[in-house]
Amino acid sequence: MNSITDVAGIRVGHVQKVGEGWLSGVTVVLPPVGTVGSVDVRGGGPGTHETDALDPTTLVSTVDAVVLTGGSAFGLASAGGAQLWCEEHGRGFAVPGTVVPIVPAAAIFDLGRGGDVTARPDAVMGYQAAAAAFAAGDHAAVERGNVGAGTGAVVARGRYKGGIGTSSITLDRGVTVGAIAVVNALGSPMFSSPGPQPAAGEPVPPQGLNTTLVVIATNAVLDVAECKRTASAGHAGLARALDPSHTLADGDTVFALATGVVGLDRSTEQGRQVSLITLQSAAAEAVRLAILDGVLAAESVSTAAGDFPAYRPAGE
């Protein structure tokens, strides 16, 4: 299906609200129990939750869900809802009497794009998105465009509509690499046939008003450090898809998840290096394709805050 759900066990759920001042939502990526994960944050204006827990030097190596949300820092409250859903379903780090789910989250800035600056995702929407991901089942089609965390996304200094995109790449030995992206970038998408560009000298939005969020998933066996390196590689795809990227006004964040089903060639040191380089190169390309997919899938929106037309490359 050319989506992140081509990686067996990866599920995606969206919840959004549109109208009556709303233009925002939540996307939850729900991996199989025991999935290893890490993250790499490179934007100058990030809004994140629990990303420190994904460092290779910390106690817990697994991730129970990843929350991508609108609402800027306020929207990070949605992670609590996804965490509650995971606890109710026994997903998390076991402690006496319960489990503590590891649910990192990252937010885009879309405040006020529907007209009401107080209309932003909360814990209820996070819970609903997690439940929707579980209900979707394995290998389900992923909605693209103006859904979930991409509902209020824009690109190219806010001139055009952004959204959710996804992609996947299949490698040798049965390895699959997929990505999902929330494209809310200061920069413009880089297609082979460029579309409309912002006028020269157009003002740059204030710091923190843009962000592209990505989740990479693979069925390969990776440890936390290798997931960290894969997330880092994913930023190369982000830079290829958006110009500029990783600015002070973007909170660009890439998560990487490994379900641990397919072993890589580790018979020799050279084999290990080649396998990891091949996988991480595919991860970068999957990110690039997911970002461009998110821009192409986005549809025009008009709200009390303004008009956000769809972006179309020349010849499309």
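See the structure above.
Now for a quick tour of the structure. (Residues numbered from 1 in each chain as written. Predicted model: local features only at pLDDT ≥ 70, side-chain atom pairs only at ≥ 80, totals over all residues. Heavy atoms only, no water.)

## Focus on the sheet that holds strand S4 (residues 48-49)
So, step 1. What the five strands build is an open sheet, ordered S1-S2-S5-S8-S4; its pairing is mixed. Looking along the sheet, the strands with just one partner apiece sit at the ends: strand S1 (11-19) and S4.
So, step 2. Direction of pairing for strand S5 (residues 66-69) relative to strand S8 (residues 105-107): parallel, over a ladder of three bridges. Pairing of valine 67 across the sheet is with alanine 105, part of S8. (Pairing = 2+ DSSP bridges. Helix = DSSP H or I, 4+ residues; strand = E, 2+ residues; numbered from the N terminus.)

## Let's talk about the packing of helix H2 (residues 78-88) against helix H3 (residues 123-136)
So, step 1. Packing of H2 against H3 leaves a shortest axis separation of 6 Å and a crossing angle of 45°. Classed by the angle they form, the pair H2 and H3 counts as oblique. In this structure, H2 meets H3 at a crossing whose hand is right-handed. Here H2 contributes Ser78, Gly81, Ala82, Leu84, Trp85 and Glu88 to the contact with H3, which in turn contributes Ala123, Gly126, Tyr127, Ala130, Ala131 and Phe134.
So, step 2. A class-by-class count of the residues in the contact of H2 with H3 yields eight nonpolar, three polar and one charged. (Axes fitted to C-alpha atoms, helices over the stretch in contact; angles between N-to-C directions. Parallel < 35°, antiparallel > 145°, perpendicular 65-115°, else oblique. Left-handed = near helix turned anticlockwise from the far one by under 90°. Contact = heavy atoms within 4.5 Å. Nonpolar A, V, L, I, M, F, W, Y, C, P; charged D, E, K, R; others polar.)

## Some remarks on the packing of aromatic side chains
By convention here, two paired aromatic rings are described through the distance between centres and the angle between planes.
So, step 1. Within the structure shown, the criterion is met by three aromatic pairs.
So, step 2. Centroid distance tyrosine 160 to tyrosine 311: 5.2 Å. Interplanar angle 85°. Geometry classified as edge-to-face. With a gap of 151 residues between them, tyrosine 160 in strand S10 (residues 160-161) and tyrosine 311 in the segment after strand S18 (306-308) connect regions that are remote in the sequence. The pair tyrosine 160 / tyrosine 311 is uniform in exposure class, with both members buried.
So, step 3. A network of ring pairs unites the aromatic residues Tyr160, Phe191 and Tyr311 as a single cluster.
So, step 4. The residue whose ring lies beneath arginine 120 is phenylalanine 74, and the NZ or CZ to ring-centre distance is 3.6 Å. (Phe/Tyr/Trp six-rings, centres within 6.5 Å; stacked < 30°, edge-to-face > 60°. Buried < 20%, exposed > 50% of the residue type's maximum accessible area, 1.4 Å probe, protein only. Lys NZ or Arg CZ within 6 Å of the ring centre and 35° of its normal.)

## What about the nonpolar core?
So, step 1. The biggest cluster of nonpolar side chains holds 38 residues, and the ones touching the most others in it are Ile216, Leu222 and Ile291.
So, step 2. Listing elements by their share of this core, those giving two or more residues are strand S12 (176-184), strand S14 (211-220), helix H4 (224-241), strand S16 (253-262) and helix H5 (269-297).
So, step 3. For this core, the element with the highest residue contribution is H5, accounting for ten residues.
So, step 4. If we ignore the near neighbours within four places in the chain, the residues touching isoleucine 216 are Val177, Gly178, Ala179, Thr230, Ala231, Gly234, Val254, Phe255, Ala256, Leu257, Ala283 and Val287. (Core = buried A, V, L, I, M, F, W, Y, C linked by side-chain atoms within 4.5 Å.)

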